[in-house]
Amino acid sequence: LNAIDKSDYSRAIELLSEDIAKHQNEKSIFYSHYILGITHLKASEKDFIGLFKSYDRENVNLAIANLKESIDKNNSGDYESLKLDAYYYIGRAYLLNDNPDSAIRSLQIVVDGKGRYSRESAQLISDLEKN
């Protein structure tokens, strides 16, 4: 988490990956996958000479994979809000990969579940459906 705070995403990814490898069978491993997914999203952002942002597709895909893994492993029923947050970030990641249909499906889960990002999700869905 210190590496994330310092925007050292490469180091954070390395440490989170080691944590996941060492603790695969722990009940809370879903949270490490969640944080790793978010970190990959942050690491994917690049500036092109300060003019506009671009995104590294490999990091976006790794973000999606880890966020899905977080959802799959989060099956205690105690952290449903975190699951909905993961669906929100998956939806945003799909948008970065120019996959609006998958984005809408993920964002709709957030709206239906009344997640923390349901308002933002509903707005994104509305914007996507207008286009």
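See the structure shown above.
Remember, it's a predicted structure, so these values are computed and weren't measured experimentally.

Conventions and cut-offs
- Residues numbered from 1 in each chain as written.
- Predicted model: local features only at pLDDT ≥ 70, side-chain atom pairs only at ≥ 80, totals over all residues.
- Heavy atoms only, no water.
- Helix = DSSP H or I, 4+ residues; strand = E, 2+ residues; numbered from the N terminus.
- Buried < 20%, exposed > 50% of the residue type's maximum accessible area, 1.4 Å probe, protein only.
- Salt bridge = Lys/Arg side-chain N within 4 Å of Asp/Glu carboxyl O.

*Asks:* Requested: an account of unusual backbone geometry, with residues and values cited.
*Replies:* With phi around 55°, D98 is a residue other than glycine that occupies positive phi space. On the secondary structure map, D98 appears in the loop between α5 (80-96) and α6 (100-112). Residue D98 is classed as exposed on the basis of its relative accessible area of 65%. One non-glycine residue with positive phi stands out, namely K114, at about 55°. Tracing the chain through its elements places K114 in the loop between α6 and α7 (118-130).

*Asks:* Any chance you could break down the pattern of salt bridges for me, citing the residues and the numbers?
*Replies:* With the rule as written, the count across this model stands at four salt bridges. Of the charged contacts in the structure, one is a salt bridge between R11 and E14, with a shortest N-O distance of 2.8 Å. Of the two residues, R11 and E14 are both situated in helix α2 (residues 9-22); the distance of three residues between them amounts to about one turn of the helix. A relative accessible area of 36% means that R11 is categorised as partly exposed. As a salt-bridge pair, E80 and K83 come within 3.8 Å of each other at their nearest N and O atoms. Highlighted residues: E80 and K83, both in helix α5, separated by three residues, approximately one helical turn. Classification of E80 by relative accessible area gives partly exposed; the value is 38%. In this structure K83 comes out as buried when scored by relative accessible area, which is 19%.

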